[in-house]
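# Reading the structure
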Amino acid sequence: MAVHAHPDDESSKGAATMAKYVAEGVSVLVVTCTGGERGSVLNPKMDRPDVWENIAEIRRAEMDAARAILGVDQAWLGFVDSGLPEGDPLPPLPDGCFALQDVQAAAAPLVRLMREFRPHVVLTYDEEGGYPHPDHIMCHKISMVAFDAAGDVEQFPEMGEAWQPAKLYYQHTFTRAKFVALHEGMIEAGLESPYAEMLEGWEDDGRDKSDRITTRVECGAYFHLRDDALRAHATQVDPDGFFFRAPLDVQQRLWPTEDFELVKSHVDNAVPETDLFAGLRPPARTVE
């Protein structure tokens, strides 16, 4: 189970890993906390009045397309997008939005889904939300509550029979080490790097969590599905933009993994890992 704040987050964070596990026969459920109703239109080709007027319906259709590409199941929690506040000082968040919900109450429908789907592994964001969007931070909060509460018979008894997921991971997608490797690889290949400006302006503000990564899942063979799913979110991603400027073969050669931090585990397993299900799979049998 991968818990995400908005439609499109599932395609930019851990998508190739999910596609890999689907191909191996694993059931994968994406939980989307909000409908993305207050998101911006980030693709200039989609910045039209008819898109803005129907943004909620369009983003649902985009999510359906991305879900089909990745081969995952998907469920909506039904909360309303909080938007990304901008300005100094920041404006107040809109009444009724996801980020203003009581954390315990907002975790309840996620507990229900965990007890119904019965995941062994849960993916979510770190304590800063991966980046400080209020919905990402709230997504982290309810994921942590639900992971512990799902297996506790005394909590949320109305949400179904208790089930304790075995492992919880944070996703660490944007790390400096990754982009330095890709940048240097592009230059060595005689290609113009799309990462130069970003790296020049990269501030060491403590948000790079490279040193916290415990688990690297090799999934380069599924990067094309990741990119196709991301392009399906046409309002959110410019197909000619930053995400797609590094050739797939360069990415597959230089950084063929998606990276995670094991935060909670109810099984014995050593880190570093190469498999989110390490400690859960039966040991391989040897034939003498």
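Before reading further, recall that the structure is shown in the block above.
Keep in mind the model is a prediction, meaning the values are calculated, not measured. (Residues numbered from 1 in each chain as written. Predicted model: local features only at pLDDT ≥ 70, side-chain atom pairs only at ≥ 80, totals over all residues. Heavy atoms only, no water.)

### Describing the overall build of the protein
Test applied: Secondary structure elements follow DSSP: runs of H or I of four or more residues count as helices, runs of E of two or more count as strands, with numbering from the N terminus. A radius of gyration in this sense is built from C-alpha atoms; the matching globule rule multiplies 2.2 Å by the number of residues raised to 0.38. Each residue is assigned to one of three classes by its accessible area relative to the maximum for its type, calculated with a 1.4 Å probe on protein chains only: buried under 20%, partly exposed between the two thresholds, exposed over 50%. Residue contacts follow a heavy-atom distance rule, with two residues in contact if any of their heavy atoms lie within 4.5 Å. Each accessible area is a Shrake-Rupley result for a 1.4 Å probe, and residues are judged covered by the shown protein chains and nothing else. The convention is simple: Lys and Arg are positive, Asp and Glu are negative, and His and the chain ends are not counted. In this description, the location of a charge corresponds to atom NZ of lysine, CZ of arginine, CG of aspartate or CD of glutamate.
Helix and strand content of the protein: 10 helices and 7 strands. For the protein, the C-alpha radius of gyration of 19 Å lies close to 19 Å, the compact-globule estimate for 288 residues. Its C-alpha atoms give the protein principal-axis dimensions of about 65 × 55 × 35 Å. Burial analysis of the protein (288 residues in total) assigns 49% to the buried set. Considering only contacts within the protein whose residues lie at least 6 apart along the sequence, 80% involve residues at least 24 apart. Total accessible area on the protein is roughly 14000 Å²; 51% of this is exposed by carbon and sulfur atoms. Charge-centre separation for the protein: the mean point of 26 positive side chains lies 4 Å from the mean point of 50 negative side chains.

### Notes on empty space enclosed by the protein
Heads up, the condition is: Buriedness for pockets is judged along seven lines, at least five of which must meet protein on both sides within 12 Å for an open set on the 1 Å grid over protein atoms alone, while cavities are sets there where a 1.4 Å probe fits but cannot get out, and lining residues have an atom within 4 Å of a point. Grid points are joined across faces, edges and corners, and a volume is the space filled by probe spheres set on the points. Each residue is assigned to one of three groups, with Ala, Val, Leu, Ile, Met, Phe, Trp, Tyr, Cys and Pro labelled nonpolar, Asp, Glu, Lys and Arg labelled charged, and all others, Gly among them, labelled polar.
In this structure the tally under the stated criterion is 1 cavity of 30 Å³ or more. By volume, the largest cavity is sized at about 380 Å³. Elements supplying a minimum of two residues to the lining of the largest cavity: helix H1 (9-12), helix H7 (176-188), helix H9 (223-232) and strand S7 (257-265). Of the residues belonging to the lining of the largest cavity, the class tally is 11 nonpolar, 9 polar and 6 charged.

### Some remarks on the pattern of salt bridges
Convention followed: A pairing counts as a salt bridge when a side-chain nitrogen of Lys or Arg comes within 4 Å of a carboxyl oxygen of Asp or Glu.
In this structure the tally under the stated criterion is 18 salt bridges. With a shortest N-O distance of 2.8 Å, Arg-59 and Asp-8 are connected by a salt bridge. With Arg-59 in helix H4 (residues 55-70) and Asp-8 in the loop between strand S1 (2-4) and H1, this pair connects stretches of sequence that are 51 residues apart. Both residues of the pair, Arg-59 and Asp-8, belong to the buried class. Taken together, the shared-partner salt bridges connect Lys-20, Glu-24, Asp-275 and Arg-281 into one network.

### Section: the layout of surface pockets
The volume enclosed by the largest pocket comes to roughly 1200 Å³. For the largest pocket, the lining is made up of 40 residues, of which Lys-13, Gly-130, Tyr-131, His-136 and Phe-174 are closest to its centre. Split by residue class, the lining of the largest pocket holds 12 nonpolar, 15 polar and 13 charged. Taken as a whole, the second largest pocket holds about 230 Å³ of empty space. If you trace the second largest pocket, you find 16 residues lining it, with Met-1, Val-26, Ser-27, Val-121 and Phe-277 closest to the centre.

### Re the nonpolar core
As a reminder of what qualifies: Side-chain atoms within 4.5 Å are what join buried Ala, Val, Leu, Ile, Met, Phe, Trp, Tyr and Cys residues into a set we call a nonpolar core.
Core analysis: the biggest nonpolar cluster contains 32 residues, and Met-1, Val-3, Val-31, Leu-77, Leu-110 and Ile-142 have the highest contact counts within it. Element by element, the count of residues in this core is highest for helix H6 (residues 134-149), at 8 residues. Excluding anything up to four places from it in sequence, Ile-142 contacts Cys-33, Leu-77, Phe-98, Val-103, Ala-106, Ala-107 and Leu-110. Counting 20 residues, the second largest nonpolar core, distinct from the first, contains Met-18, Phe-260, Leu-276 and Phe-277.

### Things to note about the packing of aromatic side chains
The following threshold applies: The rule is short: rings of Phe, Tyr and Trp, with Trp giving its six-membered ring, pair when the centres are within 6.5 Å, and they are stacked under 30 degrees, edge-to-face over 60, tilted in between. Only Lys NZ and Arg CZ are tested; either one counts as a charge over a ring when it is within 6 Å of the ring centre and within 35 degrees of the ring normal.
Evaluation of the coordinates by the stated rule reveals 7 aromatic pairs. A ring pair is formed by Tyr-21 and Phe-277, whose centres lie 5.1 Å apart and whose planes are at 75 degrees; its orientation type is edge-to-face. Residue Tyr-21 is found in helix H2 (residues 15-23), and its partner Phe-277 is found in the segment after S7; the two are separated by 256 residues along the sequence. No difference in accessibility class separates Tyr-21 from Phe-277, as the two residues are buried. Of note, Lys-178 hangs over the ring of Phe-179, and the distance from its end group to the ring centre comes to 5.7 Å. The aromatic ring of Phe-244 is capped on one face by Arg-231, whose charged end is 4.7 Å from the ring centroid.

### Overview of the environment of Thr-17
Secondary-structure assignment places Thr-17 in helix H2. Overall, the relative accessible area of 1% leaves Thr-17 in the buried class. Considered as a pair, Thr-17 and Asp-81 are 64 residues apart in the sequence and their alpha carbons are 26 Å apart. Among all residues touching Thr-17, those that are not within four sequence positions of it are Val-217, Cys-219, Glu-258, Phe-260 and Leu-276.

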